[in-house]
Amino acid sequence: MIDDIMDEAREKMRATLSFLGEDLAGIRSGRASTALVDRLKVEYYGQESELRQLANISTPEALQILIRPYDKAAIKGIERAILQANVGATPGTDGDVIRLNMPPLTRERRQELVRVLNRRIEDARVSARNIRRSANDDLKEFEREKLISEDEMKSGQERVQKLTDDTISKIDEMGVAKETEILEV
(Lines give C-alpha, C1' and ligand atoms only; values in the text may rest on other atoms or scores of the structure.)
Protein backbone atom coordinates (compact mmCIF):
# COMPACT_ATOMS: atom_id res chain seq x y z
CA MET A 1 0.00 0.00 0.00
CA ILE A 2 2.73 2.45 0.94
CA ASP A 3 4.65 1.39 -2.17
CA ASP A 4 1.60 2.26 -4.30
CA ILE A 5 1.47 5.73 -2.78
CA MET A 6 5.23 6.15 -3.31
CA ASP A 7 4.98 4.98 -6.93
CA GLU A 8 2.16 7.42 -7.61
CA ALA A 9 4.03 10.30 -5.93
CA ARG A 10 7.26 9.40 -7.78
CA GLU A 11 5.42 9.37 -11.12
CA LYS A 12 3.80 12.75 -10.43
CA MET A 13 7.15 14.24 -9.37
CA ARG A 14 8.74 12.88 -12.54
CA ALA A 15 5.95 14.47 -14.59
CA THR A 16 6.53 17.78 -12.79
CA LEU A 17 10.24 17.66 -13.69
CA SER A 18 9.44 16.74 -17.29
CA PHE A 19 6.92 19.57 -17.63
CA LEU A 20 9.39 22.03 -16.09
CA GLY A 21 12.11 20.91 -18.52
CA GLU A 22 9.83 21.54 -21.49
CA ASP A 23 8.72 24.86 -20.00
CA LEU A 24 12.30 26.03 -19.43
CA ALA A 25 13.30 25.06 -22.96
CA GLY A 26 10.76 27.61 -24.18
CA ILE A 27 12.41 30.45 -22.25
CA ARG A 28 14.82 32.23 -24.53
CA SER A 29 18.49 32.40 -23.69
CA GLY A 30 21.38 33.94 -25.63
CA ARG A 31 20.93 31.54 -28.55
CA ALA A 32 17.93 30.85 -30.73
CA SER A 33 16.19 27.62 -29.81
CA THR A 34 13.58 25.67 -31.71
CA ALA A 35 11.83 25.12 -28.36
CA LEU A 36 10.67 28.75 -28.56
CA VAL A 37 8.27 27.89 -31.36
CA ASP A 38 7.92 24.12 -31.79
CA ARG A 39 4.87 23.84 -29.50
CA LEU A 40 3.06 26.92 -30.83
CA LYS A 41 -0.55 26.19 -31.76
CA VAL A 42 -1.19 26.96 -35.42
CA GLU A 43 -4.59 26.99 -37.07
CA TYR A 44 -4.32 24.69 -40.08
CA TYR A 45 -7.43 23.84 -42.10
CA GLY A 46 -9.65 24.61 -39.10
CA GLN A 47 -7.63 22.46 -36.69
CA GLU A 48 -5.19 23.54 -33.98
CA SER A 49 -1.85 21.79 -34.56
CA GLU A 50 1.57 22.20 -33.00
CA LEU A 51 4.05 23.93 -35.30
CA ARG A 52 6.45 20.97 -35.10
CA GLN A 53 3.78 18.82 -36.77
CA LEU A 54 3.46 21.25 -39.66
CA ALA A 55 7.06 22.19 -40.39
CA ASN A 56 10.73 21.35 -40.12
CA ILE A 57 12.29 23.74 -37.55
CA SER A 58 16.03 24.36 -37.35
CA THR A 59 18.60 26.89 -36.14
CA PRO A 60 21.06 27.45 -38.98
CA GLU A 61 22.69 30.35 -37.10
CA ALA A 62 23.04 31.24 -33.41
CA LEU A 63 20.32 33.91 -33.55
CA GLN A 64 18.08 32.54 -36.31
CA ILE A 65 15.26 30.01 -36.42
CA LEU A 66 14.34 28.60 -39.83
CA ILE A 67 10.87 27.14 -40.34
CA ARG A 68 10.14 25.06 -43.47
CA PRO A 69 6.41 24.24 -43.62
CA TYR A 70 5.57 20.90 -45.20
CA ASP A 71 2.64 22.65 -46.92
CA LYS A 72 2.93 26.22 -48.26
CA ALA A 73 -0.72 26.79 -47.31
CA ALA A 74 0.34 26.77 -43.65
CA ILE A 75 2.70 29.78 -43.95
CA LYS A 76 0.10 32.46 -43.12
CA GLY A 77 -1.20 30.51 -40.11
CA ILE A 78 2.35 29.96 -38.84
CA GLU A 79 3.18 33.66 -39.16
CA ARG A 80 -0.01 34.58 -37.29
CA ALA A 81 0.77 32.10 -34.48
CA ILE A 82 4.32 33.46 -34.10
CA LEU A 83 3.08 37.05 -33.94
CA GLN A 84 0.41 36.15 -31.36
CA ALA A 85 2.94 34.24 -29.23
CA ASN A 86 5.18 37.31 -29.03
CA VAL A 87 8.43 35.33 -29.10
CA GLY A 88 10.48 38.49 -29.50
CA ALA A 89 11.02 38.36 -33.26
CA THR A 90 8.96 39.17 -36.32
CA PRO A 91 8.66 36.36 -38.87
CA GLY A 92 10.07 37.06 -42.32
CA THR A 93 8.83 34.93 -45.19
CA ASP A 94 11.35 34.10 -47.87
CA GLY A 95 9.56 32.08 -50.53
CA ASP A 96 8.58 28.84 -48.85
CA VAL A 97 10.50 29.31 -45.59
CA ILE A 98 9.97 31.54 -42.57
CA ARG A 99 12.98 33.10 -40.87
CA LEU A 100 12.95 34.39 -37.31
CA ASN A 101 15.98 36.58 -36.65
CA MET A 102 16.25 36.86 -32.88
CA PRO A 103 17.62 40.17 -31.63
CA PRO A 104 20.43 39.94 -29.07
CA LEU A 105 19.12 40.07 -25.50
CA THR A 106 19.52 43.33 -23.59
CA ARG A 107 20.46 43.32 -19.90
CA GLU A 108 16.90 44.40 -18.99
CA ARG A 109 15.37 41.58 -21.06
CA ARG A 110 17.75 39.06 -19.46
CA GLN A 111 16.68 40.22 -15.98
CA GLU A 112 13.02 39.97 -17.00
CA LEU A 113 13.59 36.43 -18.27
CA VAL A 114 15.28 35.51 -14.97
CA ARG A 115 12.17 36.78 -13.11
CA VAL A 116 9.94 34.66 -15.38
CA LEU A 117 12.27 31.69 -14.77
CA ASN A 118 12.09 32.16 -11.00
CA ARG A 119 8.27 32.20 -11.08
CA ARG A 120 8.21 28.95 -13.05
CA ILE A 121 10.75 27.33 -10.71
CA GLU A 122 8.63 28.33 -7.71
CA ASP A 123 5.51 26.94 -9.41
CA ALA A 124 7.31 23.60 -9.86
CA ARG A 125 8.37 23.60 -6.18
CA VAL A 126 4.75 24.27 -5.15
CA SER A 127 3.62 21.41 -7.38
CA ALA A 128 6.12 19.05 -5.71
CA ARG A 129 4.92 20.16 -2.25
CA ASN A 130 1.30 19.59 -3.27
CA ILE A 131 2.19 16.06 -4.38
CA ARG A 132 3.87 15.52 -1.00
CA ARG A 133 0.79 16.78 0.86
CA SER A 134 -1.50 14.53 -1.17
CA ALA A 135 0.69 11.46 -0.51
CA ASN A 136 0.87 12.27 3.22
CA ASP A 137 -2.91 12.68 3.32
CA ASP A 138 -3.29 9.23 1.74
CA LEU A 139 -0.92 7.76 4.32
CA LYS A 140 -2.86 9.37 7.20
CA GLU A 141 -6.11 8.07 5.75
CA PHE A 142 -4.72 4.52 5.58
CA GLU A 143 -3.55 4.82 9.18
CA ARG A 144 -6.99 6.09 10.30
CA GLU A 145 -8.63 3.14 8.55
CA LYS A 146 -6.16 0.81 10.33
CA LEU A 147 -4.75 -0.42 7.01
CA ILE A 148 -1.22 0.52 8.14
CA SER A 149 0.35 1.11 11.54
CA GLU A 150 1.44 4.50 12.87
CA ASP A 151 5.10 3.48 12.45
CA GLU A 152 4.46 2.53 8.82
CA MET A 153 2.76 5.88 8.28
CA LYS A 154 5.73 7.77 9.75
CA SER A 155 8.15 5.69 7.68
CA GLY A 156 6.08 6.40 4.56
CA GLN A 157 6.03 10.12 5.33
CA GLU A 158 9.82 10.10 5.66
CA ARG A 159 10.12 8.39 2.28
CA VAL A 160 7.75 10.93 0.72
CA GLN A 161 9.76 13.78 2.27
CA LYS A 162 13.02 12.37 0.85
CA LEU A 163 11.42 12.07 -2.60
CA THR A 164 10.17 15.66 -2.31
CA ASP A 165 13.59 16.94 -1.23
CA ASP A 166 15.27 15.13 -4.14
CA THR A 167 12.73 16.54 -6.62
CA ILE A 168 13.07 20.10 -5.31
CA SER A 169 16.85 19.75 -5.50
CA LYS A 170 16.55 18.74 -9.19
CA ILE A 171 14.16 21.65 -9.81
CA ASP A 172 16.68 24.06 -8.27
CA GLU A 173 19.52 22.57 -10.37
CA MET A 174 17.47 23.06 -13.53
CA GLY A 175 16.76 26.65 -12.49
CA VAL A 176 20.42 27.47 -11.83
CA ALA A 177 21.47 25.95 -15.16
CA LYS A 178 18.83 27.93 -17.08
CA GLU A 179 19.65 31.17 -15.23
CA THR A 180 23.33 30.74 -16.12
CA GLU A 181 22.31 30.14 -19.75
CA ILE A 182 20.11 33.28 -19.79
CA LEU A 183 22.73 35.54 -18.20
CA GLU A 184 25.56 34.26 -20.40
CA VAL A 185 26.57 37.04 -22.82
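On a predicted model such as this, the values are computed, not experimentally measured, just so you know.

**So, the pattern of salt bridges**
Alright, step 1. Applying the stated criterion across every chain, the model contains 19 salt bridges.
Alright, step 2. Ionic pairing is found between Arg-14 and Glu-11, a salt bridge with its closest N-O pair at 3.0 Å. In this pair, Arg-14 and Glu-11 both sit in helix H1 (residues 2-25), 3 residues apart, roughly one turn of the helix.
Alright, step 3. In this structure, the salt-bridge partner of Arg-109 is Glu-112, at a minimum N-O distance of 2.9 Å. Note that Arg-109 and Glu-112 are positioned in helix H4 (residues 107-144) at a spacing of 3 residues, about one turn of the helix.
Alright, step 4. Its relative accessible area of 32% is what places Arg-109 among the partly exposed residues.
Alright, step 5. Overlapping salt bridges, with partners in common, bring together Glu-22, Arg-39, Lys-41, Glu-50 and Arg-52 in one network.

**Points about the packing of aromatic side chains**
Alright, step 1. Scanning the model with the defined rule gives 1 aromatic pair in all.
Alright, step 2. Arranged with centres 4.7 Å apart and planes meeting at 65 degrees, the rings of Tyr-44 and Tyr-45 form a pair that is edge-to-face.

**Side note on the pairing of strand E5 (residues 91-94)**
Alright, step 1. With 4 bridges joining them, E5 and strand E6 (residues 97-101) adopt antiparallel strand pairing. The partner of Thr-93 across the bridge, within E6, is Ile-98.
Alright, step 2. Connecting the antiparallel pair E5 and E6 is a turn made up of 2 residues, with Gly-95 showing a positive phi of about 75 degrees.

How each quantity is defined
Residues numbered from 1 in each chain as written. Predicted model: local features only at pLDDT ≥ 70, side-chain atom pairs only at ≥ 80, totals over all residues. Heavy atoms only, no water. Salt bridge = Lys/Arg side-chain N within 4 Å of Asp/Glu carboxyl O. Helix = DSSP H or I, 4+ residues; strand = E, 2+ residues; numbered from the N terminus. Buried < 20%, exposed > 50% of the residue type's maximum accessible area, 1.4 Å probe, protein only. Phe/Tyr/Trp six-rings, centres within 6.5 Å; stacked < 30°, edge-to-face > 60°. Pairing = 2+ DSSP bridges.

Limitation: the analysis is restricted to geometry and does not speak to function.
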